[in-house]
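The lines below spell out each chain.
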Amino acid sequence: MASSYSQEWRSVCDTFRNAQTLSDIESRKDPENDPFRSKYKARDLLKEILTVLKSFDTGETEDDDNDAECQTEEPVDGGKGEACGRRCPGDSNAGIRAAKLGVIEYYLGVNHVETEELSAGEEHLMKCMKLLDRCTITQENVSLCIQARNQLGILWAGRDETEKAQGFLETAESIYIRYMKEDGQPPMDLTEFFVGEEDQLSQQERTKRFELAYTHTLYYLAQVYKNLEQFERAGKYCHSTLQRQLELNQFVPLEWAINAATLSQYYITKTRYMEGRHCLAAASVIAGLAGEVPSEAAAQESEIEYEKREQLRQKRAEIARCWIKYCLNLMQDAKKLLEDNIGELDVDRQAELSRVRRNEEEERERERKSTVLFSSSDTFDSICALEDKVSCIFPLDFEEARAVFLVGQNYVGQAKEYFEMDGHVTDHIEILQDHSALFKVLAFFEEDLERRCKMHKRRVDMLEPICKDLNAQYYLLVCRQLQFELAETYYEMMDLKLAVADRQDDLDAHTVKKFNTLCSASMKYYEKFLDTARSPDGKFPDKLEDEVLRPALVAKFRVARLQSKLISASPTVQIENLSRSLEAYRFVVQYCEENPEARPAVETELELSEEMVSLLPIKINRIRAKIAVN
């Protein structure tokens, strides 16, 4: 095109370059009260180019449309209408002309989208598509075909038309796959249609830009599949995106690291801990490429340094929190495999899993590992070194569990450095709750009951001060969580002390006092939790809200059990304790009678409560009879 208009064509190329400069560089300097000034100027230049292009070779248009090279072929995206019928080779005169017009329509579409004129943007992008659909996919137009569909995918996703976005993006993916299979040569970049031969890109740069465009396709597809709740596919495409970004060296370290850490959480939910660990190790290493955290003194002197310090500390703390979840979930999933029907360690199951692991686990890890590695020669060794610090295999005994626990606890310290109580209340408490959960699951692996009790005491020591200081008016949900967890923790400590006491012939006064103190502390927090459901005048609701139904009835049930467990030498005090216990059991039974829909939520507790409502009056009457006799 325009071979006889070399001077005019050079002018077109200059105009295109100016439009690119305005859009990509000058627009960053536009004032807040006129944010799209440079974009609008660029648009005017692009329209000029479009007019000139349409005026070139007008006499040849008809001839080209009937070019002998044209052939009948189905369009790549399987569309109908204008896209079907006679199609010209993308490298023919007609194909090149269509590509040049398509490039300008593409940039006009992007320009309108960037200036928030979505309908006009869609119109130009669709014009680009129609121009390209008249031609076969070749080295000249394949990159444009993919990028136009990428933009339409983004546009429709922004309108919450996820399935339309999916269609454009999946077609872009199929175009790439088909082109690489049938041709595979580095294709022309969009900008190369409007530069002189001396400014054409190298083969290496062409490949890089083309692969980056396809990487964007995979990234957008990952978001689409996530929105469609196709999480397996979303995880696969997210992983591929991250892998390609590393290979192409086209990534922002902190952004890449957070995406990798987020992906790790998906793998954790699927119990794919090797992949989760690899993502987190890569996230930590790549986050380190963002540089050192500026000192507090430097941050006070410079706003730029302050923002950099805040961003680095926050993102690295967020990655640390993902590591905590990794360690916690690995231990909790191991516990589920090892516990018996009363929640204790099943030693037979432990021995069986140990045998299976020796035979299979190491080989399975070697086989899977080669398929998921983020390959980058600069970071590979660092990532592997970090992976070696924590296992991705379920811990089967205390020593293995403790090794995972210590890694998680280390990241708790790192996360708390940024998420302090002052300024990050909810985040800080969530980290403490995770720390408490780490101690709780570690205690499961501990055989010594006294040491296990001390681990639960550590949980109390970290949560109780926070619970006392927190204002329930502003943090009701968090207060409820802490109150219930503290009640449960004291309850577990009570059960452990009871188990220790059962091994002794006689209970000394110190043991009795300690046992009763634990019972009272557990009851106190269960009652505090129940109080949060009361009305301002102190009345307990006739019907509990769904989110507190089971916790509230379980709290009542456990208060009943705790009251009956209190040890006293006084028969009168025994009767008082048992009477309070009976009252709490009756509450559970009566509530379920009045609200039958609540029965499935507390089936086991209700059955035991009904039994105790029958038995406790007999026990109380026996004690009264003894008092009367004495």
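- As recorded by an unreviewed UniProt entry, the protein chain carries the name KIF-binding protein and is attributed to Alosa alosa.
- Of the protein chain, the UniProt comment under Sequence similarities (unreviewed entry) reads exactly: "Belongs to the KIF-binding protein family."

Description of unusual backbone geometry
Here is step 1 of the chain: Of note in the backbone geometry, Asp160 takes a positive phi value of approximately 65° without being a glycine.
Here is step 2 of the chain: Given the relative accessible area of 67%, Asp160 is considered exposed.
Here is step 3 of the chain: Phi is positive for Glu229, close to 60°, though the residue is something other than glycine.
Here is step 4 of the chain: Inspection of the secondary structure assignment puts Glu229 in the loop between helix 8 (203-227) and helix 9 (231-248).
Here is step 5 of the chain: Residue classification places Glu229 among the exposed residues on the basis of a relative accessible area of 60%.

Remarks on the packing of helix 21 (residues 546-565) against helix 23 (residues 603-629)
Here is step 1 of the chain: The geometry of helix 21 relative to helix 23 is characterised by a closest axis approach of 10 Å and an angle of 30° between their N-to-C directions. Here helix 23 runs roughly parallel to helix 21, going by the angle between their axes. Considering the relative orientation of helix 21 and helix 23, their crossing is left-handed. Packed against helix 21, whose contacting residues are Arg550, Val554 and Phe557, the element helix 23 presents Glu605, Leu608 and Ser609 at the interface.
Here is step 2 of the chain: Class assignment of the residues belonging to the contact of helix 21 with helix 23 gives a composition of 3 nonpolar, 1 polar and 2 charged.

Points about the environment of Lys335
Here is step 1 of the chain: Its location among the elements puts Lys335 in helix 13 (residues 303-338).
Here is step 2 of the chain: The partly exposed category is assigned to Lys335, whose relative accessible area is 25%.
Here is step 3 of the chain: Residues Lys335 and Phe394, spaced 59 residues apart in sequence, show a C-alpha to C-alpha distance of 8.8 Å.
Here is step 4 of the chain: When sequence neighbours within four positions are dropped, the list of residues in contact with Lys335 reads Val441, Phe444 and Phe445.

Focus: a negative patch on the surface
Here is step 1 of the chain: Together, Asp397, Glu399, Glu447 and Asp448 give the surface a local cluster of negative charge.
Here is step 2 of the chain: Within the secondary structure, Asp448 sits in the loop between helix 17 (425-445) and helix 18 (449-469).
Here is step 3 of the chain: You can call Asp448 partly exposed: its relative accessible area is 37%.

Basis of the calculations
Residues numbered from 1 in each chain as written. Predicted model: local features only at pLDDT ≥ 70, side-chain atom pairs only at ≥ 80, totals over all residues. Heavy atoms only, no water. UniProt positions renumbered as here; feature names shortened; annotations may be inferred. Buried < 20%, exposed > 50% of the residue type's maximum accessible area, 1.4 Å probe, protein only. Helix = DSSP H or I, 4+ residues; strand = E, 2+ residues; numbered from the N terminus. Axes fitted to C-alpha atoms, helices over the stretch in contact; angles between N-to-C directions. Parallel < 35°, antiparallel > 145°, perpendicular 65-115°, else oblique. Left-handed = near helix turned anticlockwise from the far one by under 90°. Contact = heavy atoms within 4.5 Å. Nonpolar A, V, L, I, M, F, W, Y, C, P; charged D, E, K, R; others polar. Patch = residues over 30% accessible without salt bridge, like charges linked within 9 Å, V, L, I, M, F, W, Y side chains within 5 Å. Areas by Shrake-Rupley, 256 points an atom, 1.4 Å probe, with all protein chains shown as cover. Salt bridge = Lys/Arg side-chain N within 4 Å of Asp/Glu carboxyl O. Lys, Arg positive; Asp, Glu negative; His and termini not counted. Charge placed at Lys NZ, Arg CZ, Asp CG, Glu CD.

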